[in-house]
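Results of the structural survey
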Amino acid sequence: MKIQTNALLKSCSVDGNPVDLPDFHPIELEFSAVDTGGGFRDMILDFSFQVPNSNGVVVGEPVDKCEIVVTMQNPNDTGREVTFCYQGKLSSNDDDELEINGRLKDDMLSRELVGFMLHLLK
């Protein structure tokens with residue numbers, strides 16, 4: 001199973017510094033897993049988003065070791081949200097935005113995050 005969808009980015013921080021976000025900021029998601037009939041295995045969640053570089057972070061080459069904390073919200077059920085943390089890459093684009101692309105695999109995906117994704121995909 002491989003499904004592409006999106007959610008709303010509610011908050012984001014990079015190395016403990018909060019990033020200012022516009023309202024209803026999208027985050028692109030791709031969830032894939034092998035459905036064994038009794039559960040999933042080999043789960044992967046890829047995500048990508050751009051945020052304004054409000055803190056003036058200077059990024060020449062991609063930075064590999066940023067701790068990024070993300071809170072996502074279901075656009076169809078604003079009461080449903082999930083927060084996760086990961087070590088990821090940070091780069092900037094020509095529009096002076098920070099680009100964040102990440103991948104969470106198997107044990108990096110919490111039960112809460114998998115449940116959020118399955119509810120989002122309904």
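Residues numbered from 1 in each chain as written. Predicted model: local features only at pLDDT ≥ 70, side-chain atom pairs only at ≥ 80, totals over all residues. Heavy atoms only, no water.

Concerning unusual backbone geometry
What counts is decided by this rule: Numbering of helices and strands runs from the N terminus, with a helix taken as a DSSP run of H or I at least four residues long and a strand as a DSSP run of E at least two residues long. Only protein chains enter the area calculation, which uses a 1.4 Å probe; residues under 20% of their type maximum are buried, those over 50% are exposed, and those in between are partly exposed.
Its identity as a non-glycine residue notwithstanding, D42 has a phi of 55°, on the positive side. With respect to the helices and strands, the residue D42 is situated in strand β4 (residues 40–52). Judged by relative accessible area, which is 41%, D42 ranks as partly exposed. With a phi close to 25°, D106 is a non-glycine residue in the positive phi region. Summarising the element assignment, D106 is placed in the loop between β7 (97–105) and α1 (111–121).

Description of the packing of aromatic side chains
To keep things clear, this is the line we draw: Planes of paired rings set the category: under 30 degrees apart is stacked, over 60 is edge-to-face and the rest tilted, where pairs are Phe, Tyr or Trp rings (Trp by its six-membered ring) whose centres lie within 6.5 Å.
In total, this model carries three aromatic pairs according to the counting rule given. Pairing F47 with Y86 gives two aromatic rings, centres 4.9 Å apart and planes at 85°, and the pair type is edge-to-face. Taken together, the residues F47 in strand β4 and Y86 in strand β6 (residues 77–92) connect sequence positions 39 residues apart. Of the two residues examined, F47 and Y86, each falls in the buried class. Three or more aromatic residues joined by ring pairs make a cluster, and in this case those are F47, F84 and Y86.

Description of the pairing of strand β1 (residues 2–14)
Selection criterion: Paired strands, in this sense, are two strands between which DSSP finds at least two bridges.
Pairing of β1 with strand β3 (residues 25–35) involves eight bridges; the strand directions are antiparallel. When the sheet's bridge partners are listed, I3 is paired in β3 with F31. Relative to strand β2 (residues 17–18), β1 runs antiparallel, the two sharing two bridges. Each bridged residue has a counterpart across the sheet, and for S13 the counterpart in β2 is P18.

Comments concerning the environment of P75
This is how the line gets drawn: Residues count as neighbours in contact if any of their non-hydrogen atoms are within 4.5 Å of one another.
Here P75 shows up in the loop between β5 (63–74) and β6. Given a relative accessible area of 35%, P75 falls into the partly exposed group. Placed 42 residues apart in sequence, P75 and A33 show a C-alpha to C-alpha distance of 23 Å. Aside from chain neighbours lying at most four places away, what touches P75 is N6, A7, L8 and L120.

Thoughts on the confidence of the model for the protein
In regions of low pLDDT, the predicted coordinates are not meant to be interpreted in detail. Operational definition: Across the chain, each position has a pLDDT score giving the predictor's confidence in that residue, from 0 to 100.
Residue-level pLDDT values for the protein average 84, and 91% of them are 70 or greater. Taken element by element, the predicted model of the protein shows its lowest mean pLDDT in β2 (82) and its highest in β3 (90).

Concerning the nonpolar core
Just so we agree on the cut-off: Put simply, buried Ala, Val, Leu, Ile, Met, Phe, Trp, Tyr and Cys residues joined by side-chain atoms within 4.5 Å make one nonpolar core.
Counting 31 residues, the largest nonpolar core has I27, L29, L45, F47, F49, V70 and M72 as its most contacted members. The set of elements that each furnish at least two residues to this core consists of β1, β3, β4, β5, β6, β7 and α1. When near neighbours in sequence (up to four residues on either side) are disregarded, L45 contacts L29, E30, F31, G102, R103, L104, L109, L113 and M117.

Brief notes about the pattern of salt bridges
Selection rule: By salt bridge we mean one thing: a side-chain nitrogen of Lys or Arg within 4 Å of a carboxyl oxygen of Asp or Glu.
In the structure shown here, the tally under the stated rule is four salt bridges. K2 serves as the salt-bridge partner of E30, at 3.8 Å between the closest nitrogen and oxygen. Pair noted here: E30 is in strand β3 and K2 is in strand β1, with a separation of 28 residues, a long-range link. Looking at E30, the relative accessible area reads 18%, which means it is buried.

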